[in-house]
Amino acid sequence: MKSAKLKSPGRPKNKPGSKPKLSDDLRDQLERIRFPNGFVCPHCGWRHTGDWAREKAERIRQRYRGHRPGLSPASLRQTWYLKNGKIKCQQCHRHVSLTVGTPLEGVRTPLVAVIKTAGIFLENRDGIGTAALAAQAGVSPECARNLTGIFRTAMALAPEERLEGTVQVGEFELRLHPAKSKHPVSATVAIAVEDVHGGPGRIAAAVVDKQDPDPWVVYLDMVKPGSKIEARLPDAKIDGLRYNDYRVACIAAPVDPAASPLCADIFARLEPVFRRIYRGAISPGNLQGYLDEYAFRWNRIPRGLGADPRPTTQVLIRKLLQPPPPARSSHEAERERYRREDAIV
């Protein structure tokens, strides 16, 4: 008697080792973030004027759930949503992915893994090392290192996000121990803190270029013009800020003659974090990215036991799917204005 042949259970949707795929709902959310006003080709500028969201929904229903009334075979052949998840431009006929023109352009890691890694990256308010991030996210250490670099680039303070109101600023010396250097390296860090009823509000931090002839320029990227700056700074820096529409007031700092109390408090929290999590092994060239990361976490992640970091992860994903922030300006116009005013005086 022949034995009954067992029916195969079928292959899983994602085989072990295959790339994870985005769900339809998640892809729709990412497309609305990337193209909030409808699809615009980043190569030729062609804009889809129809109801592209409804059109895409109809095609997704046909593709995954069979034919639906109102969709003719002719219209299905003219679809510009491809099976690989890309969008075909109807003018230049190029295939556009969601990451074109964003900081994630050229990254081969699937978006599902990028989103998962970003969520784990922001779970800890103080930060996480590359090895721990790679182990928890299930990616290689090299991939985790590349993604964290992209995350820090997106975390940079945008011009419209600069501090305003009453801001205290100060400068501190941070000792680093780069992995390829036998001796510690010292870097000057400028910290700006919003004064909110006597307590720290939002913060910003930047590396001070000691060779810059106009050392006050570093504060233009952190504080909006017209704000009140409280600091104990050299006269040259105070004059440069006043020439650029900043109201500067000197304060008495009990901790450091070149720092404000709020900035000293922030630096006292920042330095142990760099020493504990990254063991101080940060090169001076990458220090600005770590400062941007710390400021982003401080300004956006809710503090307190059991705080939910998911809203902050959504903010980071929005930054990753938008055009990259502009490079830091050299502020040549402001420098020239200061030299002209200084020459007149």
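Notes on the structure in this doc start here. (Residues numbered from 1 in each chain as written. Predicted model: local features only at pLDDT ≥ 70, side-chain atom pairs only at ≥ 80, totals over all residues. Heavy atoms only, no water.)

1. What to know about the packing of aromatic side chains
For clarity, the threshold we go by: For Phe, Tyr and Trp, rings pair up if their centres lie within 6.5 Å, where Trp contributes its six-membered ring, and each pair is then called stacked (planes under 30 degrees apart), edge-to-face (over 60) or tilted (otherwise). Numbered from the N terminus, helices here are DSSP runs of H or I no shorter than four residues, and strands are runs of E no shorter than two. Here the term buried applies to any residue with accessible area under 20% of the maximum for its type, exposed to any over 50%, and partly exposed to those in between, with areas from a 1.4 Å probe on protein chains only. A ring has a charge above it when a Lys NZ or an Arg CZ is no more than 6 Å from the ring centre and no more than 35 degrees off the ring normal.
Within this structure, the stated rule accounts for five aromatic pairs. Aromatic pair Phe-172 and Phe-267: ring centres 4.6 Å apart, planes at 5 degrees, arrangement stacked. Here the residue Phe-172 occupies a position in strand β3 (residues 166-176), and Phe-267 occupies one in helix α8 (residues 261-277), the gap between them amounting to 95 residues. Note on Phe-267: relative accessible area 9%, which makes it buried. Here the aromatic cluster, defined as three or more aromatic residues joined through ring pairs, consists of Phe-35, Phe-39 and Trp-46. One cation-aromatic arrangement involves Arg-152 over Tyr-290; the distance from NZ or CZ to the ring centre is 4.0 Å.

2. Re the nonpolar core
What counts is decided by this rule: Definition of nonpolar core: a set of buried residues of the types Ala, Val, Leu, Ile, Met, Phe, Trp, Tyr and Cys, connected through side-chain atoms within 4.5 Å. Only heavy atoms matter for contacts: two residues are in contact if any of them lie within 4.5 Å across the pair.
Residues Leu-30, Phe-39, Leu-104, Phe-121, Phe-151, Leu-316 and Leu-320 are the most contacted members of the largest nonpolar core, which totals 36 residues. For this core, the leading source of residues is helix α6 (residues 141-154), giving six residues. The residues contacting Leu-30, other than those within four sequence positions of it, are Leu-22, Leu-98, Leu-111, Ile-115, Ile-317 and Leu-321. With 25 residues, the next largest nonpolar core counts Ile-203, Leu-270, Tyr-278 and Tyr-290 among its residues.

3. Focus: helix α7 (residues 235-243)
The condition is simple: What the arc measures is the spread of directions leading from the helix axis to the C-beta atoms.
Within the span of α7, buried status applies to Lys-237, Ile-238, Gly-240 and Leu-241. Summarising the axial view, the buried residues of α7 lie within an arc of 165 degrees, below the 170-degree limit, and thus occupy one face. A positive backbone phi angle near 70 degrees is found at Asp-245, which sits one or two residues after α7.

4. Some words on the side chain of Gln-168
Along the polypeptide, Gln-168 turns up in strand β3. On the basis of relative accessibility, which here comes to 7%, the residue Gln-168 falls in the buried class.

5. Examining the pattern of salt bridges
Stated precisely, the cut-off is as follows: Salt bridge, as used here, is a side-chain nitrogen of Lys or Arg placed within 4 Å of a carboxyl oxygen of Asp or Glu.
Under the defined criterion, the tally for this structure stands at 11 salt bridges. Across the salt bridge formed by Glu-161 and Lys-319, the nearest N and O atoms sit 3.3 Å from each other. Taken as a pair, Glu-161 in the loop between α6 and β3 and Lys-319 in helix α10 (residues 310-320) lie far apart in primary sequence, 158 residues in all. The same class applies to Glu-161 and to Lys-319, which are both buried. Through salt bridges with shared partners, one network takes in Arg-152, Glu-293 and Arg-297.

6. Overview of the layout of surface pockets
Summary: where empty space remains is shown by rolling a probe the size of a single water molecule over the atoms. Heads up, the condition is: The definitions used throughout rest on a 1 Å grid laid over the protein atoms alone, on which a cavity is an enclosed set of points accommodating a 1.4 Å probe that cannot get out and a pocket is an open set flanked by protein within 12 Å on both sides along at least five of seven lines; lining residues are those having an atom within 4 Å of a point. Grid points are joined across faces, edges and corners, and a volume is the space filled by probe spheres set on the points. Here the term charged refers only to Asp, Glu, Lys and Arg, the term nonpolar to Ala, Val, Leu, Ile, Met, Phe, Trp, Tyr, Cys and Pro, and the term polar to all other amino acids, Gly among them.
Taken as a whole, the second largest pocket spans an internal volume of roughly 760 Å³. Lining of the second largest pocket is provided by 31 residues; of these, Arg-152, Thr-153, Ala-156, Gly-289 and Asp-292 occupy positions nearest its centre. Looking at the lining of the second largest pocket, the elements that each hand over two or more residues are α6 and α9 (287-300). If you tally residues by element for the lining of the second largest pocket, the top one is α6, at five residues. Here the lining of the second largest pocket is composed, by residue class, of 14 nonpolar, 10 polar and seven charged.

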